[in-house]
Amino acid sequence: MSGRRLGPFLLVLLALLGGCDDMTVQPKQLDYSPQVGPAAVPPGTVEFGSGSAPAPAVTLALMQRGQERYRIYCTPCHAELGDGHGLIVQRGFPPPPSFHGAALRSASPQYLYDVISNGHGVMYSFAARVAPQDRWAIVAYIRALQRSQYAPAASPAPPLRDGLR
């Protein structure tokens, strides 16, 4: 009697197992790979690196705002000079790259803006903490820091140049 009941159960079980496929072979999104399938981007979001917020013109007010925001948000890790030897690093946190290295001197302003917005490595995103206009101000100030370390001696105005000698 149990054999007759077991027969339909085995048929149903075989039918269910026949419908299974290899779940390890399926399209999926891997980090740093091209998009697979339709992108699941919520409405109103902006794709990373799209340059949605244009860079403002560099003015004295922008540079002063950038210096102020840099001192608040960036100096704990990057230090006042941008060399990556901030107080957090002195207490054991991994050092960030120096802004004066060749890679970051040649990086585009949009790249620096994107790193501030989205984070990189152990640096977390500042998108929720720093307004987009302030991110551009910080980028402008970082460029000024970089230029201050690599400007030729002949580039300052004569009164400043004479004080350097």
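Residues numbered from 1 in each chain as written. Predicted model: local features only at pLDDT ≥ 70, side-chain atom pairs only at ≥ 80, totals over all residues. Heavy atoms only, no water.

**Looking at the packing of helix H2 (residues 60-73) against helix H7 (residues 132-150)**
Between two packed helices, what matters for the description is the angle formed by their axes and the separation of those axes.
Point 1. At a closest axis distance of 7 Å, the pairing of H2 and H7 adopts a crossing angle of 95°. Overall, the two elements H2 and H7 adopt an arrangement that is roughly perpendicular. For the pair formed by H2 and H7, the contact residues are Leu62, Met63, Arg65, Gly66, Gln67, Arg69 and Tyr70 on the first element and Gln133, Asp134, Ala137, Ile138, Ala140, Tyr141, Ile142, Ala144 and Leu145 on the second.
Point 2. Here the contact of H2 with H7 is built from residues that sort into ten nonpolar, three polar and three charged. (Axes fitted to C-alpha atoms, helices over the stretch in contact; angles between N-to-C directions. Helix = DSSP H or I, 4+ residues; strand = E, 2+ residues; numbered from the N terminus. Parallel < 35°, antiparallel > 145°, perpendicular 65-115°, else oblique. Contact = heavy atoms within 4.5 Å. Nonpolar A, V, L, I, M, F, W, Y, C, P; charged D, E, K, R; others polar.)

**Description of helix H6 (residues 109-118)**
Note that an α-helix has 3.6 residues per turn; residues three or four places apart therefore point the same way.
Point 1. Within H6, burial applies to Leu112, Tyr113, Asp114, Val115, Ile116 and Ser117.
Point 2. Here the buried face of H6 lies against helix H5 (102-105) and H7.
Point 3. Two residues or fewer after H6 comes Gly119, characterised by a positive phi angle close to 80°. (Buried < 20%, exposed > 50% of the residue type's maximum accessible area, 1.4 Å probe, protein only.)

**Some details on the environment of His85**
Point 1. Residue position: His85 is located in the loop between helix H3 (75-78) and helix H4 (87-90).
Point 2. For the pair His85 and Thr75, spaced ten residues apart in sequence, the C-alpha to C-alpha distance is 8.8 Å.
Point 3. Filtering out sequence-adjacent residues up to four positions away, His85 remains in contact with Cys77, His78, Ala79 and Gln90.

**A short note on the side chain of His100**
Point 1. Within the secondary structure, His100 is located in the loop between H4 and H5.
Point 2. You can call His100 buried: its relative accessible area is 10%.
Point 3. One polar contact links the side chain of His100 to the main-chain carbonyl oxygen of Leu81, over a distance of 2.6 Å.
Point 4. When neighbours within four sequence positions are excluded, His100 is seen to be in contact with Leu81, Gly82, Asp83, Arg105, Leu145, Gln146, Gln149 and Tyr150. (Polar contact = N/O pair within 3.5 Å; in protein donor to acceptor, adjacent residues only side chain to side chain.)

**As for the packing of aromatic side chains**
Point 1. The full count for this structure, using the stated rule, is five aromatic pairs.
Point 2. Taking 6.3 Å as the distance between ring centres and 55° as the angle between the ring planes, the aromatic pair formed by Tyr70 and Phe99 counts as tilted. Taken together, the residues Tyr70 in helix H2 and Phe99 in the loop between H4 and H5 connect sequence positions 29 residues apart. Of the two residues, Tyr70 and Phe99, both sit in the buried class.
Point 3. Centroid distance Tyr113 to Trp136: 4.4 Å. Interplanar angle 20°. Geometry classified as stacked. (Phe/Tyr/Trp six-rings, centres within 6.5 Å; stacked < 30°, edge-to-face > 60°.)

**Considering the packing of H6 against H7**
Point 1. As a packed pair, H6 and H7 sit with axes 9 Å apart at the nearest point and diverge in direction by 125°. In terms of their interaxial angle, H6 and H7 are classed as oblique. H6 and H7 meet at a crossing whose hand is right-handed. Counted together, Pro109, Gln110, Leu112, Tyr113, Ile116 and Ser117 of H6 and Pro132, Arg135, Trp136, Ile138, Val139, Ile142 and Arg143 of H7 form the full contact between these two elements. (Left-handed = near helix turned anticlockwise from the far one by under 90°.)

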